[in-house]
Amino acid sequence: SMIGSVYDVPRAQEDFDESRQSPEALLDAPPEQIRLYLPSSLSADERRTLDARYEVVEKEARFRLQQMRLSLAQLRTLLRMKSNGYVFKTANISGQRDGSRSREVINQFSNKINKTTMCYRAAHAALLSLSSSGAWTTVLKPLKEGDVTFPDKEDITAVDKPSDRHLRLGKG
């Protein structure tokens, strides 16, 4: 099987032996804490050895590209929702109790935004280790802290304005 062959790579085998856990411990561990032996975590020589047999480098590259695209789409949605949450809070919430509840909801969006940003950055770093050049590098740039901001007010009103919906959809 392909998974068993990953351990033919010497470094991966050593790492696996050092961190070997019982199957029960792996079942109880959160998925985020289980190490995956993907080509991006191997050296270039180890990747060539592995990829010659299974083409896993190309498969992981496609996976990482899609992961980055999905992260960006989710980031746009979360930023828009957080922005709308602030607008709603300002317009409709008064009082300490209700203000605290709405602030908690907005903070939940902040946490989701941070996780999504970390997911994008991890996928970008992995893809960079697999392929440091290519068409994707011109479109999917590193995500800096200043890049994760609310959408412009014009962007929000252009999308949310129902009277302009027929212009975007066309007649019929």
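For the structure given in this document, a descriptive report is provided here. (Residues numbered from 1 in each chain as written. Predicted model: local features only at pLDDT ≥ 70, side-chain atom pairs only at ≥ 80, totals over all residues. Heavy atoms only, no water.)

1. Comments concerning the pattern of salt bridges
Point 1. Taken as a whole and assessed by the stated rule, the structure comprises four salt bridges.
Point 2. Note that Arg48 and Asp45 form a salt bridge whose closest N and O atoms lie 2.3 Å from each other. One end of the pair, Arg48, and the other, Asp45, are both in helix α4 (residues 44–54), three residues apart, so they sit about a helical turn from each other. With respect to burial, Arg48 and Asp45 carry one shared label: exposed.
Point 3. Among the salt bridges present, the one from Glu60 reaches Arg64, with a minimum N-O distance of 3.1 Å. Taken together, the residues span about one helical turn, with Glu60 and Arg64 both in helix α5 (residues 56–92) at a distance of four residues. Comparing Glu60 with Arg64, the two get one shared label, buried. (Salt bridge = Lys/Arg side-chain N within 4 Å of Asp/Glu carboxyl O. Helix = DSSP H or I, 4+ residues; strand = E, 2+ residues; numbered from the N terminus. Buried < 20%, exposed > 50% of the residue type's maximum accessible area, 1.4 Å probe, protein only.)

2. A word on the packing of α5 against helix α6 (residues 96–130)
Point 1. α6 packs onto α5 with a crossing angle of 160 degrees between their chain directions and a minimal axis gap of 8 Å. In this view, α5 runs roughly antiparallel relative to α6, as classed from their interaxial angle. Crossing of α5 against α6: the hand is left-handed. (Axes fitted to C-alpha atoms, helices over the stretch in contact; angles between N-to-C directions. Parallel < 35°, antiparallel > 145°, perpendicular 65-115°, else oblique. Left-handed = near helix turned anticlockwise from the far one by under 90°.)

3. What to know about the side chain of Ser102
Point 1. Within the fold, Ser102 resides in helix α6.
Point 2. Beyond its immediate chain neighbours, meaning those up to four positions away, Ser102 contacts Lys89 and Ile93. (Contact = heavy atoms within 4.5 Å.)

4. Quick look at the environment of Tyr86
Point 1. As for its placement among the helices and strands, Tyr86 is situated in helix α5.
Point 2. Given the relative accessible area of 37%, Tyr86 is considered partly exposed.
Point 3. With 16 residues separating them in the primary sequence, Tyr86 and Ser102 have C-alpha atoms 8.6 Å apart.
Point 4. Ignoring any residue separated from it by four or fewer positions in sequence, one finds Tyr86 in contact with Ile106 and Phe150.

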